[in-house]
Amino acid sequence: MQKNFEKVIIDLQSCGNNAIFANVDAQKQDELKLKVKLWLKANNYGYAWLAEKCYVTEATVRNWMARKIIPAAKEHIIRALMKDVPLQFASQVQVTEETRVTLSLDSETRKMLEKKAFAQGKTLAEFLADEVPRLGE
(Lines give C-alpha, C1' and ligand atoms only; values in the text may rest on other atoms or scores of the structure.)
Protein backbone atom coordinates (compact mmCIF):
# COMPACT_ATOMS: atom_id res chain seq x y z
CA MET A 1 0.00 0.00 0.00
CA GLN A 2 2.79 2.44 0.84
CA LYS A 3 4.46 1.91 -2.56
CA ASN A 4 1.31 2.90 -4.43
CA PHE A 5 1.02 6.05 -2.37
CA GLU A 6 4.63 7.07 -3.15
CA LYS A 7 4.07 6.42 -6.86
CA VAL A 8 1.04 8.70 -6.87
CA ILE A 9 3.05 11.46 -5.21
CA ILE A 10 5.84 11.12 -7.77
CA ASP A 11 3.32 11.17 -10.62
CA LEU A 12 1.65 14.28 -9.22
CA GLN A 13 4.98 16.02 -8.78
CA SER A 14 6.01 15.35 -12.38
CA CYS A 15 2.57 16.43 -13.57
CA GLY A 16 2.78 19.55 -11.43
CA ASN A 17 5.80 20.91 -13.30
CA ASN A 18 3.98 20.45 -16.60
CA ALA A 19 0.96 22.21 -15.15
CA ILE A 20 3.12 25.22 -14.26
CA PHE A 21 4.51 25.39 -17.80
CA ALA A 22 1.02 24.98 -19.24
CA ASN A 23 -0.23 27.84 -17.06
CA VAL A 24 2.61 30.13 -18.21
CA ASP A 25 1.93 29.17 -21.86
CA ALA A 26 -1.78 29.86 -21.38
CA GLN A 27 -1.00 33.33 -19.99
CA LYS A 28 1.21 34.09 -23.00
CA GLN A 29 -1.54 32.81 -25.30
CA ASP A 30 -4.14 35.00 -23.57
CA GLU A 31 -1.91 38.05 -24.06
CA LEU A 32 -1.30 37.13 -27.69
CA LYS A 33 -5.01 36.58 -28.33
CA LEU A 34 -5.88 39.99 -26.89
CA LYS A 35 -3.22 41.63 -29.06
CA VAL A 36 -4.44 39.75 -32.14
CA LYS A 37 -8.04 40.81 -31.54
CA LEU A 38 -7.03 44.44 -31.11
CA TRP A 39 -4.73 44.29 -34.15
CA LEU A 40 -7.46 42.77 -36.32
CA LYS A 41 -9.95 45.40 -35.20
CA ALA A 42 -7.51 48.28 -35.68
CA ASN A 43 -6.76 47.11 -39.22
CA ASN A 44 -10.40 46.31 -40.05
CA TYR A 45 -9.63 42.62 -40.59
CA GLY A 46 -11.85 39.77 -39.53
CA TYR A 47 -11.36 36.18 -38.47
CA ALA A 48 -12.06 35.06 -42.06
CA TRP A 49 -9.09 37.08 -43.29
CA LEU A 50 -6.81 35.66 -40.60
CA ALA A 51 -8.06 32.15 -41.31
CA GLU A 52 -7.15 32.53 -44.98
CA LYS A 53 -3.64 33.70 -44.08
CA CYS A 54 -3.19 30.77 -41.68
CA TYR A 55 -4.69 28.19 -44.09
CA VAL A 56 -7.42 27.19 -41.65
CA THR A 57 -11.16 27.71 -41.40
CA GLU A 58 -12.76 30.73 -39.77
CA ALA A 59 -14.22 28.38 -37.16
CA THR A 60 -10.69 27.30 -36.22
CA VAL A 61 -9.64 30.93 -35.68
CA ARG A 62 -12.75 31.53 -33.58
CA ASN A 63 -11.87 28.49 -31.47
CA TRP A 64 -8.32 29.77 -30.99
CA MET A 65 -9.57 33.15 -29.85
CA ALA A 66 -12.16 31.65 -27.53
CA ARG A 67 -10.53 28.70 -25.85
CA LYS A 68 -8.06 26.64 -27.88
CA ILE A 69 -4.29 27.00 -27.93
CA ILE A 70 -2.91 28.47 -31.15
CA PRO A 71 -0.44 25.93 -32.59
CA ALA A 72 3.17 27.14 -32.69
CA ALA A 73 3.37 27.16 -36.50
CA LYS A 74 0.19 29.24 -36.77
CA GLU A 75 1.31 31.53 -33.97
CA HIS A 76 4.48 32.17 -35.98
CA ILE A 77 2.39 33.14 -39.03
CA ILE A 78 0.21 35.45 -36.95
CA ARG A 79 3.18 37.17 -35.32
CA ALA A 80 4.78 37.66 -38.75
CA LEU A 81 1.54 39.19 -40.09
CA MET A 82 1.31 41.53 -37.11
CA LYS A 83 4.90 42.60 -37.68
CA ASP A 84 4.49 43.11 -41.44
CA VAL A 85 1.13 44.90 -41.37
CA PRO A 86 1.28 48.08 -39.29
CA LEU A 87 -1.61 49.14 -37.12
CA GLN A 88 -4.09 51.52 -38.71
CA PHE A 89 -5.69 53.69 -36.05
CA ALA A 90 -8.84 55.63 -36.73
CA SER A 91 -8.51 58.36 -34.15
CA GLN A 92 -11.72 59.85 -32.81
CA VAL A 93 -9.93 62.79 -31.20
CA GLN A 94 -9.65 66.11 -33.02
CA VAL A 95 -6.33 67.79 -32.25
CA THR A 96 -5.60 71.39 -33.21
CA GLU A 97 -1.88 71.02 -32.62
CA GLU A 98 0.13 67.85 -32.54
CA THR A 99 0.94 66.60 -29.09
CA ARG A 100 2.98 63.47 -28.59
CA VAL A 101 2.68 61.62 -25.31
CA THR A 102 4.89 58.69 -24.39
CA LEU A 103 3.71 56.43 -21.62
CA SER A 104 5.79 53.84 -19.81
CA LEU A 105 3.43 51.26 -18.38
CA ASP A 106 4.20 48.20 -16.33
CA SER A 107 2.76 45.01 -17.80
CA GLU A 108 -0.10 44.76 -15.29
CA THR A 109 -1.28 48.33 -15.96
CA ARG A 110 -0.99 47.86 -19.72
CA LYS A 111 -2.95 44.59 -19.53
CA MET A 112 -5.68 46.25 -17.43
CA LEU A 113 -5.95 49.20 -19.86
CA GLU A 114 -6.01 46.87 -22.88
CA LYS A 115 -8.88 44.93 -21.31
CA LYS A 116 -10.84 48.14 -20.67
CA ALA A 117 -10.18 49.29 -24.23
CA PHE A 118 -11.18 45.94 -25.68
CA ALA A 119 -14.39 45.95 -23.61
CA GLN A 120 -15.28 49.24 -25.33
CA GLY A 121 -14.34 47.87 -28.76
CA LYS A 122 -11.28 50.10 -29.03
CA THR A 123 -7.57 49.67 -29.44
CA LEU A 124 -5.38 50.78 -26.57
CA ALA A 125 -4.36 53.92 -28.48
CA GLU A 126 -7.99 54.82 -29.23
CA PHE A 127 -8.97 54.23 -25.62
CA LEU A 128 -6.14 56.42 -24.30
CA ALA A 129 -6.82 59.12 -26.91
CA ASP A 130 -10.40 59.31 -25.62
CA GLU A 131 -9.52 59.08 -21.91
CA VAL A 132 -6.54 61.45 -21.66
CA PRO A 133 -8.57 64.61 -22.47
CA ARG A 134 -10.96 63.69 -19.65
CA LEU A 135 -8.14 63.85 -17.11
CA GLY A 136 -8.30 67.65 -17.18
CA GLU A 137 -12.01 67.72 -16.30
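First, a word on scope: everything that follows refers to the structure included in this document. Here the structure is a predicted model, which is why all the values come from computation and not from measurement. (Residues numbered from 1 in each chain as written. Predicted model: local features only at pLDDT ≥ 70, side-chain atom pairs only at ≥ 80, totals over all residues. Heavy atoms only, no water.)

Attention now goes to the packing of helix 5 (residues 107-119) against helix 6 (residues 124-131). Where helix 5 contacts helix 6, the two axes come as close as 9 Å, and the packing angle between them is 85 degrees. For the element pair helix 5 / helix 6, the angle class is roughly perpendicular. Together, R110, L113, E114, K116 and A117 of helix 5 and L124, F127 and L128 of helix 6 make up the contact between the two elements. Its residues assigned to classes, the contact of helix 5 with helix 6 shows 5 nonpolar, no polar and 3 charged. (Axes fitted to C-alpha atoms, helices over the stretch in contact; angles between N-to-C directions. Helix = DSSP H or I, 4+ residues; strand = E, 2+ residues; numbered from the N terminus. Parallel < 35°, antiparallel > 145°, perpendicular 65-115°, else oblique. Contact = heavy atoms within 4.5 Å. Nonpolar A, V, L, I, M, F, W, Y, C, P; charged D, E, K, R; others polar.)

Once that is clear, we can look at the packing of aromatic side chains. How two aromatic rings sit relative to each other is given by the distance of their centres and the angle of their planes. Taken as a whole, this structure holds 3 aromatic pairs when the rule is applied. Ring centres 5.8 Å apart and planes at 55 degrees place the aromatic pair W39 and W49 in the tilted group. Pair noted here: W39 is in helix 1 (residues 2-42) and W49 is in helix 2 (residues 47-54), with a separation of 10 residues, a long-range link. Seen in terms of ring centroids, Y45 and W49 are 3.9 Å apart; in terms of plane orientation they differ by 5 degrees. Their pairing is stacked. Here the aromatic residues W39, Y45 and W49 are joined through ring pairs into a cluster of three or more. (Phe/Tyr/Trp six-rings, centres within 6.5 Å; stacked < 30°, edge-to-face > 60°.)

The next subject is a nonpolar patch on the surface. Residues V101, L103 and L105 make up a contiguous nonpolar surface patch of roughly 260 Å² in combined accessible area. With respect to the secondary-structure elements, L103 resides in the loop between helix 4 (72-84) and helix 5. (Patch = residues over 30% accessible without salt bridge, like charges linked within 9 Å, V, L, I, M, F, W, Y side chains within 5 Å. Areas by Shrake-Rupley, 256 points an atom, 1.4 Å probe, with all protein chains shown as cover. Salt bridge = Lys/Arg side-chain N within 4 Å of Asp/Glu carboxyl O.)

In this section: the environment of K35. Within the secondary structure, K35 sits in helix 1. Along the sequence, K35 and E114 sit 79 residues apart, while their C-alpha atoms lie 8.6 Å from each other.

Our next topic: the nonpolar core. Burial of nonpolar side chains together is a common tendency in soluble globular proteins. Judged by nonpolar contacts, the single largest core of 15 residues is most densely connected at V36, L50, V61, W64, M65 and I78. Sorting the residues of this core by element identifies helix 1, helix 2, helix 3 (58-66) and helix 4 as the ones contributing at least two each. With near-sequence residues (within four places) excluded, V61 lies in contact with Y47, L50, A51 and V56. Among the nonpolar cores identified, the runner-up in size contains 5 residues, and L113, L124, F127 and L128 belong to it. (Core = buried A, V, L, I, M, F, W, Y, C linked by side-chain atoms within 4.5 Å. Buried < 20%, exposed > 50% of the residue type's maximum accessible area, 1.4 Å probe, protein only.)

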